[in-house]
Amino acid sequence: MKLIDTNSILELWKNADCVCFDVDSTVCQNEAIDDLAEFVGVGSQVQQLTNEAMGGSMSFKEALAQRLNIIRPSIDQIHEFNKFQDHKLTPYIKELVELLHSRDKAVYLVSGGFRVIINQVADLLGIDRKNVFANTIKFDSKGKYVGFDESEMTCESGGKARVIEHLKRTYQYNRVIMVGDGATDLESCPPADGFIGFGGNVVRHLVKQNSPWFVHCFSELIEKV
Ligand SMILES: [Mg+2]
């Protein structure tokens, strides 16, 4: 089932007033939570939990809590980790965001990942940190991990859809496009008006099948904007 046909999504893309990008495996080539786990030396435990969570009954929030509880990153570890992030932007995303900004389109990063990492990505792309919707890791005064902010929309299942509803309600956007590689991105349309599947880093079959437009490189979006 395609949400809308290819011509309509091309038309929507040209006339969008707001574009929301997923981050992990979309704007960035990697999955930050897996890489962060690897970085602090608990990669395999977290990978196992990720596989279990994908298989079934666990809510997004529960899976997030359990994985963070294994990683328990300190603020210092996050800062170290961020130094490696610079080189992992997906090709042409910077050019695409610049082009969208030059056409006065609002650009947002909407992710189930972490603000403390994604803010760096936003800076690299010239996106205002206010336009980042993601999860907030909480640290104590010494920078030790103590949990995450459970009031963030993105920590719940269906969180990306809630963010888009919030954006439409708050800023009165008429044509919101979501771009992403994952099932949670696809599920945020509607309320998004259009969805573009991205397969430049990983191709997820369900997403490819159900995307009205599926691209393998951001240059394809640059050509049609
Ligand atoms: Mg993703």
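About the criteria used
- Residues numbered from 1 in each chain as written.
- Predicted model: local features only at pLDDT ≥ 70, side-chain atom pairs only at ≥ 80, totals over all residues.
- Heavy atoms only, no water.
- Donors = N, O, S within 2.8 Å, 3.2 Å for Na, K, Ca; no water.
- Helix = DSSP H or I, 4+ residues; strand = E, 2+ residues; numbered from the N terminus.
- Buried < 20%, exposed > 50% of the residue type's maximum accessible area, 1.4 Å probe, protein only.
- Core = buried A, V, L, I, M, F, W, Y, C linked by side-chain atoms within 4.5 Å.
- Contact = heavy atoms within 4.5 Å.
- Pairing = 2+ DSSP bridges.
- Axes fitted to C-alpha atoms, helices over the stretch in contact; angles between N-to-C directions.

A. A look at the coordination of the magnesium ion. For the magnesium ion, the protein coordination sphere consists of Asp 22 (OD), Asp 24 (O) and Asp 181 (OD), at 2.1 to 2.2 Å. When the donor residues of the magnesium ion are listed from N- to C-terminus, their spacing reads D-x1-D-x156-D. Taken together, the residues Asp 24 in the loop between β1 (18-21) and α2 (32-39) and Asp 181 in the loop between β6 (176-180) and α9 (183-186) connect sequence positions 157 residues apart. Both residues of the pair, Asp 24 and Asp 181, count as buried.

B. View of the nonpolar core. Grouped together as the largest cluster of nonpolar side chains are 33 residues, with contacts concentrated most on Trp 13, Phe 21 and Leu 109. In terms of residues, this core owes the most to one element, helix α6 (residues 93-102), which gives five residues. Apart from the residues lying within four places of it in its own chain, the contact partners of Leu 109 are Phe 21, Val 23, Val 27, Ile 118, Val 121, Ala 122, Ile 127, Asn 131, Val 132 and Phe 133. Cys 20, Ile 164, Tyr 173 and Met 178 belong to the second largest nonpolar core, which has 19 residues in total.

C. The sheet that holds strand β7 (residues 194-198), seen in detail. Spatial ordering of the open sheet is given by β3-β2-β1-β6-β7-β8, a layout of six strands whose pairing is parallel. Of all the strands in the sheet, just β3 (132-135) and β8 (213-215) have a single pairing partner and so form its edges. Strand after strand, the sheet turns through a mean of 20 degrees between neighbouring axes, direction not considered. The pairing of β7 with β8 spans three bridges and is classified as parallel. Residue pairing for β8: Phe 198 is matched across the bridge by Val 215. Across the sheet, helix α1 (residues 6-15) lies against β1, β6, β7 and β8, angled at about 100 degrees from β7, the strand it touches most.

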